[in-house]
Amino acid sequence: FTTLAASPRGCPHLHLPLQSGDDDVLQRMDRRYDTARFRRVVDEARAALGNPALASDVMVGFPGETTAAFDRTLAFCAEIGFADLHIFAYSPRPGTRAARWPDDVPPAEKAARARALADLRDSLWREYHSHKLQTEAEVLIEQSDPEQAEVVGLSADYLRVRAKVDRARPGREVGALVRVRLESLDGEAGYGQVVANT
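Residues numbered from 1 in each chain as written. Predicted model: local features only at pLDDT ≥ 70, side-chain atom pairs only at ≥ 80, totals over all residues. Heavy atoms only, no water.

J.: Please clarify how the pattern of salt bridges should be interpreted in this entry.
T.: Pairing between side chains of opposite charge can happen when their charged atoms approach one another. Counted under the stated rule, the structure contains 11 salt bridges. In this structure, R72 engages D22 in a salt bridge whose closest nitrogen and oxygen atoms are separated by 2.5 Å. Taken together, the residues R72 in helix α4 (residues 67-80) and D22 in the loop between β1 (13-15) and α2 (23-28) connect sequence positions 50 residues apart. Taking relative accessible area as the criterion, D22 reaches 3% and is therefore assigned buried. Of the charged contacts, one joins D122 and R121 as a salt bridge, the two residues approaching to 3.2 Å between their closest N and O atoms. Linked through salt bridges whose partners overlap, the residues forming this network are E65, E109 and R113. (Salt bridge = Lys/Arg side-chain N within 4 Å of Asp/Glu carboxyl O. Helix = DSSP H or I, 4+ residues; strand = E, 2+ residues; numbered from the N terminus. Buried < 20%, exposed > 50% of the residue type's maximum accessible area, 1.4 Å probe, protein only.)

J.: What is the right way to read the nonpolar core from this model?
T.: Across soluble globular proteins, you tend to see nonpolar side chains buried next to one another. Of all hydrophobic cores here, the largest spans 19 residues; its most connected members are L18, F38, L54, C77, F82 and L117. If you list the elements that add at least two residues to this core, you get α3 (35-49), β2 (53-60), α4 and α5 (107-130). The next biggest cluster of nonpolar side chains, apart from the first, holds 16 residues, and it includes A137, V165, V178 and L185. (Core = buried A, V, L, I, M, F, W, Y, C linked by side-chain atoms within 4.5 Å.)

J.: Mind showing me how you'd approach the pairing of strand β3 (residues 84-89) here?
T.: Look at any regular strand and the pattern is simple: side chains alternate between the two faces of the sheet. Note that β2 and β3 share six bridges and pair parallel. Within β3, the position partnered with D57 by the bridge is H86. As a crossover connection, the stretch from β2 through α4 into β3 is right-handed. (Pairing = 2+ DSSP bridges. Right-handed = clockwise from strand over helix to strand, strands pointing away.)

J.: Explanation requested: the environment of G153 in the structure shown.
T.: Turning to its location among the elements, G153 is positioned in strand β5 (residues 150-155). Residue contacts for G153: discarding those within four places in its chain leaves V139, L140, I141, E142, L159, R160 and V161. (Contact = heavy atoms within 4.5 Å.)

J.: Before we go on, may I ask you to explain the pairing of β2 in this structure?
T.: When you tally the buried positions in β2, you get eight out of eight residues, the bulk of the element. Here β2 shows two buried faces, one formed by A53, A55, D57 and M59 and the other by L54, S56, V58 and V60. Where β1 lies against β2, three bridges are found, and the strand directions are parallel. Considered in β2, the bridge of H13 is made with A53.

J.: Help me out: how do you make sense of α3 in this one?
T.: Given 3.6 residues per helical turn, the α-helix brings residues three or four places apart onto the same face. Between its terminal C-alpha atoms α3 stretches 21 Å, which fits the 21 Å expected from 15 residues at 1.5 Å a residue. Buried residues along α3 sit against α1 (2-6), β1, α2, β2 and α4. Of the residues trailing α3, G50 is marked for its positive phi of about 85°. (Expected span 1.5 Å × (residues − 1).)

In structure tokens:
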């Protein structure tokens, strides 16, 4: 993380796959870490990078995942404070050891657990990004719509940003870096105004 922090090309966004916040489930998945080790990695990342946007993958309904195990996953994700979560339900994969086990979490329960994690994700996303409101962020333009005087791009910490531009000012093409003053959030993106080229 110190190398990333020292690099001018580095961005404060890290994807750290968790899969589960329950140690028994992680062991059944044959993961080579537990929640304590994952927490240490997160602490090291934050010590080196300040407050990076941390994203992760979390699976619900792995064979043997009890309600208590899922509750521990939910609590662990809240504790870590991820900026984003990719949530998916377990389904058997031929050739894996887990495919030989009973798929013992009913589909409706998997869906309910996924919804609970999605609600937490949305709350954590807003909490992480809300402190940026009324500040400026560097944004890489990925789409430009001159007719609507709007650009769309990503900030260094992977926030999707839509921003209005001054039609009279050049340099708003795809690939350009611009500074955007963030004014609002809607659960999927930040909205603001381009204030300068970088």
